[in-house]
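The primary structure of each chain is shown beneath.
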Amino acid sequence: MPTTTPIKAAPLIPPRPNLGPEPWAEEGNPRGWVAWSVVALVVLAAVAVIVARRRGAKRRKTSKRQMVNISNGSLPTEPRERLVAWSGRARGALVGRFGAAWGARTTEEIAADEALASLLDPGRFEGLVRLLRQADRAKFAGIGDDQGEDWEPWVAAFVAELAAGATSRINGK
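Residues numbered from 1 in each chain as written. Predicted model: local features only at pLDDT ≥ 70, side-chain atom pairs only at ≥ 80, totals over all residues. Heavy atoms only, no water.

A. Region of the structure containing the overall build of the protein chain. Each helix and strand counted, the protein chain has six helices and zero strands in total. For the protein chain, the sequential pattern of α-helices and β-strands runs α-α-α-α-α-α. The buried share among the 173 residues of the protein chain stands at 23%. A fraction of 57% describes how many contacts in the protein chain between residues 6 or more apart in sequence connect residues 24 or more apart. Within the structure as shown, the protein chain displays about 13,200 Å² of accessible surface, and the carbon and sulfur contribution to it stands at 61%. (Helix = DSSP H or I, 4+ residues; strand = E, 2+ residues; numbered from the N terminus. Buried < 20%, exposed > 50% of the residue type's maximum accessible area, 1.4 Å probe, protein only. Contact = heavy atoms within 4.5 Å. Areas by Shrake-Rupley, 256 points an atom, 1.4 Å probe, with all protein chains shown as cover.)

B. Expanded view of the packing of aromatic side chains. According to the stated counting rule, one finds three aromatic pairs in the structure shown. Taking the centre distance of 5.3 Å and the plane angle of 40 degrees together, the rings of Phe 98 and Trp 102 count as tilted. Their ring planes at 90 degrees and their centres at 5.6 Å tell us that Trp 151 and Trp 154 sit as a pair that is edge-to-face. Across this residue pair, the class does not change: Trp 151 and Trp 154 are buried. Here a set of aromatic residues connected by ring pairs shows up, and it is made of Trp 151, Trp 154 and Phe 158. (Phe/Tyr/Trp six-rings, centres within 6.5 Å; stacked < 30°, edge-to-face > 60°.)

C. Quick look at helix H2 (residues 79-98). Helix length check: H2, at 20 residues, gives a terminal C-alpha distance of 29 Å against a target of 28 Å (1.5 Å per residue), a fit within 8%. Taken as a whole, H2 has its buried residues at Leu 83, Ala 85, Trp 86, Ser 87, Arg 89, Ala 90, Arg 91, Ala 93, Leu 94, Arg 97 and Phe 98. Phi turns positive one or two residues past the end of H2, at Gly 99, with a value near 115 degrees. (Expected span 1.5 Å × (residues − 1).)

D. Just the packing of helix H5 (residues 122-141) against helix H6 (residues 152-164), in detail. Where H5 meets H6, the closest approach of the two axes is 11 Å, and the angle between their N-to-C directions is 120 degrees. By the angle between their axes, H5 is oblique relative to H6. The two elements H5 and H6 meet at a crossing, and its hand is left-handed. The segment H5 lies against H6, with Arg 124, Gly 127, Leu 128 and Leu 131 engaging Trp 154, Val 155, Ala 157, Phe 158 and Glu 161. Tallied by class, the residues present in the contact of H5 with H6 amount to six nonpolar, one polar and two charged. (Axes fitted to C-alpha atoms, helices over the stretch in contact; angles between N-to-C directions. Parallel < 35°, antiparallel > 145°, perpendicular 65-115°, else oblique. Left-handed = near helix turned anticlockwise from the far one by under 90°. Nonpolar A, V, L, I, M, F, W, Y, C, P; charged D, E, K, R; others polar.)

E. Quick look at the nonpolar core. Core analysis: the largest hydrophobic core is formed by 22 residues, its most contacted members being Leu 94, Leu 116, Leu 128, Leu 131 and Phe 158. Listing elements by their share of this core, those giving two or more residues are H2, H5 and H6. With seven residues, H5 is the single largest residue contributor to this core. Apart from the residues within four sequence positions on either side, Phe 158 is in contact with Ala 90, Ala 93, Leu 94, Leu 120, Arg 124 and Leu 128. (Core = buried A, V, L, I, M, F, W, Y, C linked by side-chain atoms within 4.5 Å.)

F. Inspection of H6 at higher detail. An ideal rise of 1.5 Å per residue puts 18 Å on 13 residues; H6 measures up with 18 Å between its terminal C-alpha atoms. Taken together, the buried residues of H6 touch H2 and H5.

G. Inspection of the pattern of salt bridges at higher detail. Taken as a whole, this structure holds four salt bridges when the rule is applied. Residues Arg 89 and Glu 152 are paired through a salt bridge, measuring 3.9 Å at the closest nitrogen-oxygen approach. Of this pair, Arg 89 sits in helix H2 while Glu 152 sits in helix H6, placing them 63 residues apart in sequence. In this structure Glu 152 comes out as partly exposed when scored by relative accessible area, which is 33%. Linking Lys 139 and Asp 136 is a salt bridge whose minimum nitrogen-to-oxygen distance equals 4.0 Å. Taken as a pair, Lys 139 and Asp 136 lie in helix H5 at a separation of three residues, close to a single helical turn. Look at Lys 139 and you get partly exposed, because its relative accessible area is 34%. Overall, the relative accessible area of 17% leaves Asp 136 in the buried class. (Salt bridge = Lys/Arg side-chain N within 4 Å of Asp/Glu carboxyl O.)

Next up, the structure:
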């Protein structure tokens, strides 16, 4: 009979315990994110300041151009712009005579002002309201009934009349 060798049982060694995933190695410095955030905020603030200055310069340039057209006597060549300039001269005369509050009044408020209607003769008051309404249509709607009409003599007479009158303060309602 054949001889068999006895099999020896070896002890079982369990595998090394699984400790879970290894933590990521930190790359970079967390202060780097803070520094980049600060740089990004500074760049955004600089862009905002530049945009605001350009917009302000554009507004100042536009209003300065309008004031030059109104004050030095030169009128634009387009009928719509001339109508707006004449309206600005008439409003400027009202402001010069009655105070700065008149610069903020709308055409409807001027048309409804009974004190102004009583100070001006009826024809002059109706002409003023008509001029302001036509200029509003030209400015805001791009249309005007009589954009070809020459308002310059009327506006010159109106400005002279208000400048010659006694200065008073009508502050409105």
